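Each chain is listed here by its residues.
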Amino acid sequence: MTSSRRRVLRCTEQPYSCLYCRPRPIVVCIDGELLRFREKGRRKWFDLPIDSAFRISIRAAARAKAADKRANS
């Protein structure tokens, strides 16, 4: 496992329209214990602690599994 001492920036290949009507790629940054997001070409960053992101992904996976189970019943 590699520790993250330096910031890692990545940009999505597809544009998304999250904040405004015009779709833009999303820039993602791993900065220590934070995940940071912004639209490409904008300055405002939105931060999410890594533990919160992990908790959100676990809940989403559990909901998807429960929905799949209900659909197959």
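A few points on the structure.

Cut-offs and rules
- Residues numbered from 1 in each chain as written.
- Predicted model: local features only at pLDDT ≥ 70, side-chain atom pairs only at ≥ 80, totals over all residues.
- Heavy atoms only, no water.
- Pairing = 2+ DSSP bridges.
- Helix = DSSP H or I, 4+ residues; strand = E, 2+ residues; numbered from the N terminus.
- Axes fitted to C-alpha atoms, helices over the stretch in contact; angles between N-to-C directions.
- Contact = heavy atoms within 4.5 Å.
- Patch = residues over 30% accessible without salt bridge, like charges linked within 9 Å, V, L, I, M, F, W, Y side chains within 5 Å.
- Areas by Shrake-Rupley, 256 points an atom, 1.4 Å probe, with all protein chains shown as cover.
- Salt bridge = Lys/Arg side-chain N within 4 Å of Asp/Glu carboxyl O.
- Buried < 20%, exposed > 50% of the residue type's maximum accessible area, 1.4 Å probe, protein only.

### What to know about the sheet that holds strand S1 (residues 8-11)
Moving on, step 1. On the basis of which strands lie adjacent, the open sheet formed by 4 strands has the order S1-S2-S3-S4 and antiparallel pairing. Because the sheet does not close on itself, it has two edges, and the strands there are S1 and strand S4 (46-49). Adjacent strand axes in the sheet meet at a mean angle of 20 degrees when their direction is disregarded.
Moving on, step 2. Both strand S3 (residues 34-39) and S4 contribute to a ladder of 4 bridges, which runs antiparallel. In the strand pairing of S4, Leu 34 is matched with Pro 49.
Moving on, step 3. Helix H1 (residues 50-72) rests against S3 and S4 of the sheet, and its axis sits at about 75 degrees to S4.

### Some words on a nonpolar patch on the surface
Moving on, step 1. Together, Val 8, Ile 30 and Ile 50 give the surface a local cluster of nonpolar side chains, amounting to about 180 Å² of exposed area.
Moving on, step 2. If you trace the backbone, Val 8 turns up in strand S1.
Moving on, step 3. Val 8 gets classed as partly exposed once you look at its relative accessible area, which sits at 31%.

### Some points on the pattern of salt bridges
Moving on, step 1. Summed over all chains, the structure comprises 3 salt bridges.
Moving on, step 2. With its nearest N and O atoms 2.7 Å apart, the salt bridge here joins Arg 36 to Asp 47. Highlighted residues: Arg 36 in strand S3 and Asp 47 in strand S4, separated in sequence by 11 residues.
Moving on, step 3. Given a relative accessible area of 17%, Arg 36 falls into the buried group.
Moving on, step 4. The exposure class of Asp 47 is partly exposed, given its relative accessible area of 43%.
Moving on, step 5. A salt bridge links Asp 51 to Arg 55; its shortest N-O distance comes to 4.0 Å. Here Asp 51 pairs with Arg 55, and both are found in helix H1, just 4 residues apart, close to one helical turn.
Moving on, step 6. For Asp 51, a relative accessible area of 48% puts it in the partly exposed group.

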